[in-house]
Amino acid sequence: MEKIATRMGFAAELVELGKENENIFVVDTDISSSCKSDGFAKAFPDRQINVGIAEQNAAGIAAGMATCGKIPFVVSYAIFCSLRMCEMVRQEIAYPKLNVKIIGSHGGLSPAADGASHQSIEDLGVMRTIPNMTVIMPADYWSARKLTRAATNFDGPVFLRFTRDTIPVIYDENFDFEIGKAHMIQDGADVAIIANGDTVCRAMDAAKILESENISVKLLDMHTIKPLDVDAVKECIEKIGKIITVEDHNIINGLGTAVCEVVAEVGKGKVKRIGIQDNFGESAVYERLMEKNGITPEEIVKAAKEIL
């Protein structure tokens with residue numbers, strides 16, 4: 001199966017969007033080569049602003065541009081545009097509900113050898129607690145392209161998180177994705193697996209193992225963390241009642257927590273969360289870091305059998 005980092009899907013779609021809409025601008029933070037926004041800069045040099053290593057300034061500039069009818073994309077590593085920029089995102093972008101797109105490349109454990117300082121394990125949780133913010137993590141190259149376009153057409157602040165490392169391409173260009181609506185990869189009756197981003201392919205592998213053992217699996221790609229597809233979660237609760245969440249993020253305040261909130265409000269159902277176990281990352285190869293945190297098909301299978 002072909003593997004491509006989701007940041008490459010973002011980069012490709014951004015250039016296409018730039019051709020179609022002259023109001024699209026990019027505000028870079030001196031790492032356009034790593035985040036792959038350099039292609040846009042080469043194609044439209046008059047619509048790229050590089051502020052240097054000054055993420056807070058990037059947020060303010062983007063907010064100002066949005067008030068003038070532009071559609072600015074602030075591009076940085078996920079760790080920096082969620083935590084270093086947090087106050088500016090809250091006060092200058094989200095509070096006035098400005099049309100700014102915040103691009104967080106190198107999300108989760110995918111920076112790998114860069115270590116804990118660059119591995120963004122809190123970003124989705126931080127962003128989803130900010131009012132007016134929409135939070136998205138695509139699962140592969142094509143969903144990254146489609147959801148980047150959807151975010152561009154959406155009026156309001158959006159945080160999009162992409163991977164540095166390559167991950168399997170599981171969709172094709174014919175798939176369509178709607179912000180706030182989970183994509184059902186397969187239906188099932190015994191256990192529901194809800195995953196997002198780079199963990200969707202792992203959940204798919206786990207589902208194949210479980211199906212081979214006559215365990216019926218419903219599998220959802222919950223690409224939008226906020227607004228969460230509450231109806232899809234409620235359907236899992238009512239029809240199945242046993243849910244596994246899988247994410248490349250701290251198990252606190254990410255996808256698993258969002259799903260648990262719905263389960264708590266409904267008042268029934270069981271959830272097992274698989275993700276980063278409330279610890280910092282470290283320098284190692286990406287696969288080793290995922291294994292250390294139990295984000296593997298084998299651990300998903302184990303969790304499903306335990307919950308059953």
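Structural data are supplied above this passage.
Caption draft 1: Spotlight on the nonpolar core. Ranked by size, the top nonpolar core spans 63 residues in total, and within it Phe73, Ile193, Ile244, Val246 and Ile300 carry the most contacts. The dominant element in this core, judged by the number of residues it contributes, is helix α9 (residues 200-212), at seven residues. Phe25, Cys81, Ile194 and Met222 belong to the second largest nonpolar core, which has 43 residues in total.

Caption draft 2: Focus on the packing of aromatic side chains. As enumerated under the stated definition, the model contains eight aromatic pairs in all. With 5.0 Å between their ring centres and 50 degrees between their planes, Phe40 and Phe44 make a pair best called tilted. The class for Phe40 is buried, based on a relative accessible area of 1%. Looking at Phe44, the relative accessible area reads 14%, which means it is buried. The interplanar angle of 85 degrees and the centroid separation of 5.1 Å between the aromatic rings of Tyr141 and Trp142 together place this pair among those described as edge-to-face. Given a relative accessible area of 14%, Tyr141 falls into the buried group. In this structure an aromatic cluster arises from ring pairing among Phe10, Phe73 and Phe162. The residue whose ring lies beneath Arg47 is Phe44, and the NZ or CZ to ring-centre distance is 4.3 Å. In this structure, Arg84 packs its charged tip against the face of Phe80, placed 4.4 Å from the ring centre.

Caption draft 3: Quick look at the pattern of salt bridges. For the structure shown, the criterion picks out 16 salt bridges. Ionic pairing is found between Lys146 and Asp176, a salt bridge with its closest N-O pair at 3.6 Å. With Lys146 in helix α8 (residues 141-153) and Asp176 in the loop between β8 (167-168) and β9 (183-186), the pair connects residues that are 30 residues apart, well separated along the chain. What makes Asp176 exposed here is its relative accessible area of 62%.

Caption draft 4: Inspection of the sheet that holds strand β14 (residues 270-276) at higher detail. Reading across the sheet, the five strands line up as β9-β11-β10-β13-β14 and stay open at both edges, with mixed pairing between neighbours. Single-partner strands in this sheet number two, and they are β9 and β14. On average, adjacent strands in this sheet sit at an angle of 25 degrees to one another, irrespective of strand direction. When β9 meets strand β11 (residues 217-221), the two strands line up antiparallel, connected through three bridges. Counterpart to His183 in the pairing with β11 is Asp221. Along the sheet, helix α10 (residues 230-239) makes contact with β10 (191-195), β11 and β13 (242-250), crossing β11 at roughly 165 degrees.

Here is what the cut-offs are and how they apply
Residues numbered from 1 in each chain as written. Predicted model: local features only at pLDDT ≥ 70, side-chain atom pairs only at ≥ 80, totals over all residues. Heavy atoms only, no water. Core = buried A, V, L, I, M, F, W, Y, C linked by side-chain atoms within 4.5 Å. Buried < 20%, exposed > 50% of the residue type's maximum accessible area, 1.4 Å probe, protein only. Helix = DSSP H or I, 4+ residues; strand = E, 2+ residues; numbered from the N terminus. Phe/Tyr/Trp six-rings, centres within 6.5 Å; stacked < 30°, edge-to-face > 60°. Lys NZ or Arg CZ within 6 Å of the ring centre and 35° of its normal. Salt bridge = Lys/Arg side-chain N within 4 Å of Asp/Glu carboxyl O. Pairing = 2+ DSSP bridges. Axes fitted to C-alpha atoms, helices over the stretch in contact; angles between N-to-C directions. Contact = heavy atoms within 4.5 Å.

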